[in-house]
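Given next are the chains, with one letter for each unit.
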Amino acid sequence: MKILVVFCHPVETSFAASMHHDVVQTLRAAGHEVDDFDLYAEGFNPVMSREERLGYHEVPTNRIPVEPYLRRLETAEALVFCFPTWCFGLPAMLKGFFDRLLMPGVAFDISDPAHVKPALTHIRRISAVVTYGRPRWMALYMGDPPRKVITRYLKALTGSKARIDYHAHYHMNVATPQTLQRFRDRVKAAMAAF
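Predicted model only: the values in this text are computed from it and were never measured.

A.B. asks: Looking at this structure, I do not really get the side chain of Asn62. What am I missing?
C.D. replies: Its place among the elements puts Asn62 in the loop between helix 2 (50-54) and helix 3 (67-75). With relative accessibility at 7%, the residue Asn62 sits in the buried group. Excluding anything up to four places from it in sequence, Asn62 contacts Gly55, Tyr56, Met103 and Pro104.

In structure tokens:
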């Protein structure tokens, strides 16, 4: 399977970075073709320009500023996201990835605005490996936006056909080597069986 792994963390020595490494290595060992997209390492610009916003609904010219990234998204059969939760949301860099790439003519068809149609129907699997600083009850109290973006919004863009897996480690602020290892083992097993 062709899998686009999208990683978002600025620190190469972080736990998120080690999880990203595990994900990529395990998927490749399982025989998948992995396109490893490290947003920070590749210098992805998350800021939508004035010109991009003005041309946002102009299909297909809206693709021009992000065409190389769109080719990677459109050739993928599966998506795996690795990121931390900051302020109970997506990191700004990842939010910008969604803002700039999930556009009309790519992620959805709005030629009939009253009946928007999903356009990421080629995506069969979506998975996320996510860390939270606070406990799960606090994330739930805050509405857990990252989980909803992955499990609801992205699923809707696939026509509700993609299988979704969400692997979360909550309360990183009090994590122990044992809890981190259990999470790593669980994620590696999920990626090996992807």
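A.B. asks: Is there a simple way to explain the pairing of strand 3 (residues 78-84) in this structure?
C.D. replies: Look at any regular strand and the pattern is simple: side chains alternate between the two faces of the sheet. Burial of strand 3 is extensive: seven of the seven residues sit out of reach of the surface. Of the two faces of strand 3, the one carrying Ala78, Val80, Cys82 and Pro84 and the one carrying Leu79, Phe81 and Phe83 are both buried. Here strand 1 (residues 2-7) runs beside strand 3; their pairing, made up of five bridges, is parallel. Note that in strand 3 the partner of Val5 across the bridge is Val80. Alignment of strand 3 against strand 6 (residues 125-131), held across seven bridges, turns out to be parallel. What sits directly across from Val80, in strand 6, is Ser127.

A.B. asks: It is not clear to me how the pattern of salt bridges should be interpreted in this structure. Could you clarify?
C.D. replies: It is possible for side chains bearing opposite charge to pair when their charged atoms get close. Taken as a whole and judged by the stated rule, the model has twelve salt bridges. A salt bridge links Glu67 to Arg71; the shortest N-O distance between them is 4.0 Å. Of this pair, Glu67 and Arg71 both sit in helix 3, four residues apart, which is roughly one turn of the helix. Residue Glu67 is classed as partly exposed on the basis of its relative accessible area, which comes to 22%. Given a relative accessible area of 47%, Arg71 falls into the partly exposed group. Two residues, Arg125 and Asp165, come together in a salt bridge whose shortest N-O distance is 2.5 Å. Linking Arg125 in strand 6 with Asp165 in strand 7 (residues 163-169), this pair joins segments that are 40 residues apart in sequence.

A.B. asks: Got a minute to help me understand the environment of Asp35 in this structure?
C.D. replies: Within the secondary structure, Asp35 is located in strand 2 (residues 33-38). Under the relative-accessibility criterion, Asp35 is labelled partly exposed at 26%. Ignoring anything within four residues of it in the chain, the contact list for Asp35 reads Ile3, Leu4, Val5 and Arg72.

A.B. asks: What's the story with the pairing of strand 7 in this structure? I'm lost.
C.D. replies: With five of seven residues buried, strand 7 lies mostly within the body of the structure. Direction of pairing for strand 6 relative to strand 7: parallel, over a ladder of seven bridges. From the neighbouring strand, Val130 faces strand 7, where its bridge partner is Ala168.

Each value, and the rule that gives it
- Residues numbered from 1 in each chain as written.
- Predicted model: local features only at pLDDT ≥ 70, side-chain atom pairs only at ≥ 80, totals over all residues.
- Heavy atoms only, no water.
- Helix = DSSP H or I, 4+ residues; strand = E, 2+ residues; numbered from the N terminus.
- Buried < 20%, exposed > 50% of the residue type's maximum accessible area, 1.4 Å probe, protein only.
- Contact = heavy atoms within 4.5 Å.
- Pairing = 2+ DSSP bridges.
- Salt bridge = Lys/Arg side-chain N within 4 Å of Asp/Glu carboxyl O.

Treat this as a map of the structure, not an account of what it does.
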